[in-house]
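# Residue-level structure breakdown
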Amino acid sequence: MNYHKGYCMNKVKLFLSALCCFAICCVRVINADVRLPKIISDGMILQRNTNVKIWGWADAGEKISINFSGKIYSAVADTSGKWIITLEKSEAGGPYKMEINGNNKIIINDILFGDVWFCSGQSNMETLMSRLEDIFPQEIATSTNPLIREFAVPRSYDFNSPQEDVPFTKWESANSQSIKNFSAVAYFFARELYEKYKVPIGILRSAVGGSPAEAWISEDALKEFPHYLQIAEKYKDDSFVKKITGEDKIKLDTWYENLWKEDKGLHEEKTWHDVTYDASDWKIMNLPAFWE
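So, a few notes on the structure that sits alongside this text. Just so you know, these numbers come straight off a predicted model, no measurement behind them.

### Section: unusual backbone geometry
With an omega of 5°, the peptide bond between Gly-94 and Pro-95 qualifies as cis. For Pro-95, the location among the structural elements is in strand β7 (residues 93-101). Positive phi values are uncommon outside glycine, yet Asp-110 reaches one of about 60°. Here Asp-110 is to be found in strand β8 (residues 105-121). The phi torsion at Lys-198 lies on the positive side, around 55°, for a residue other than glycine. Mapped onto the fold, Lys-198 is located in the loop between α5 (184-197) and β11 (201-207).

Okay, structure coming up:
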């Protein structure tokens, strides 16, 4: 089956690394509270049959424990306040509850184990189900599967360093409302997998329309491609980024202004999109054909 330009890879390592490209810089912990990244939260799906890492931040030297599935795991935050704990392998299933303790307590509910997929790419992967409502109205109206869930990585840019967390987002299970914000390709992909394997399917969606392959490559990897590395270096200059975004805004504003001025359909006594507009005298043309 062709899933267009999107790329779906079932690799647990991507579960741990996908956020590094699209997150915003975390603020250094200045109190004793344990804190978790957004992806480790209620409703998350973890990869079955493999050791899964849970991580977060606390005060340096703070003792952290995780109570999960009848077992206690522990760690100590390092000098930068980071900690990481590896859970034992689990079969597909759930829901489970996880309790994380430090100087505070965090409870994570409705955890499932299944297959986690990283779905990335350009506009084909980014396109939401809401844009296909006319094509798949029944699919959207009847979609209720709490075992298919998506975590959508928000679009956020930082050209100077890898980031450790993302702006606010959360895990969403498929229903007639939430599915409208699912990637269409990722959803149908997940549905097909669920129907075949009957295990929870988690989607990590991180896609940007029109993005080149080079934009998804780490700085270290770009060293093998000096031309692209040179371009990446330019974007570390905030004034350069501000200049580019400013120029893009001017172009976009000018385009919309010209569109408004030149579009006759918007300036007649009755606009062309008015449902009562009489277009009976318009010429008929056969498509496909050249508009000219």
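And the narrative resumes.
### Quick notes on the side chain of Gln-47
Turning to its location among the elements, Gln-47 is positioned in strand β2 (residues 45-47). Within the structure, Gln-47 has its side chain in polar contact with the side chain of Asp-115 (distance 3.1 Å). Within polar-contact distance, the side chain of Gln-47 engages the backbone nitrogen of Val-116 at 2.8 Å.

### A few points about the pattern of salt bridges
In total, this model carries 17 salt bridges according to the counting rule given. Here Glu-139 makes a salt bridge to Arg-191, at a shortest N to O gap of 2.4 Å. Taken together, the residues Glu-139 in helix α4 (residues 137-142) and Arg-191 in helix α5 connect sequence positions 52 residues apart. Given the relative accessible area of 18%, Glu-139 is considered buried. Here Asp-220 ties to Lys-223 by a salt bridge, and the two come within 3.4 Å at their closest N and O atoms. Judged by relative accessible area, Lys-223 falls into the exposed class, the value being 53%. One connected set of salt bridges, linked through shared partners, spans Glu-139, Arg-191 and Glu-195.

### Observations concerning the side chain of Ser-178
Relative to the helices and strands, Ser-178 resides in the loop between β10 (171-174) and α5. Overall, Ser-178 belongs to the buried group, its relative accessible area being 10%. Looking at Ser-178, its side chain comes within polar contact range of the main-chain oxygen of Ser-173, at 2.5 Å. Not counting residues up to four positions away in its chain, the partners in contact with Ser-178 are Glu-172 and Ser-173.

### Remarks on a nonpolar patch on the surface
Where nonpolar side chains cluster on the molecular surface, the patch consists of Ile-217, Phe-225, Tyr-228 and Ile-231 and spans about 320 Å² of accessible area. With respect to the secondary-structure elements, Phe-225 resides in the loop between α6 (219-222) and α7 (226-234). By relative accessible area, which is 41% here, Phe-225 ends up partly exposed.

About the thresholds
- Residue numbers here run from 1 along each chain, matching the order of that chain's written sequence.
- Per-residue local features are limited, in this predicted model, to residues with pLDDT of at least 70; the limit for side-chain atom pairs, both in listing and counting, is 80 or more; totals at the level of whole chains, interfaces and linings are taken over all residues.
- As a rule here, side-chain values cover all heavy atoms of the structure and leave hydrogens and water aside.
- Each helix is a run of H or I in the DSSP string that is no shorter than four residues. Each strand is a run of E no shorter than two, and both are numbered from the N terminus.
- Two N or O atoms count as a polar contact when they lie within 3.5 Å, although within protein this holds only if one can serve as hydrogen donor and the other as acceptor, and sequence-adjacent residues are included solely when both atoms are side-chain atoms.
- Within this document, salt bridges are pairs made up of a side-chain nitrogen of Lys or Arg and a carboxyl oxygen of Asp or Glu, the two lying within 4 Å of each other.
- Exposed residues in this analysis have more than 50% of their type's maximum accessible area, buried residues have under 20%, and partly exposed residues fall in between, with area computed by a 1.4 Å probe over protein chains only.
- The contact criterion used throughout is that any non-hydrogen atoms of two residues lie within 4.5 Å.
- Residues forming no salt bridge and having over 30% relative accessible area are the ones grouped into patches, like charges within 9 Å of each other and nonpolar side chains (Val, Leu, Ile, Met, Phe, Trp, Tyr) within 5 Å.
- Methods summary: accessible areas were calculated by the Shrake-Rupley approach with a probe of 1.4 Å, and residue burial reflects only the protein chains presented.

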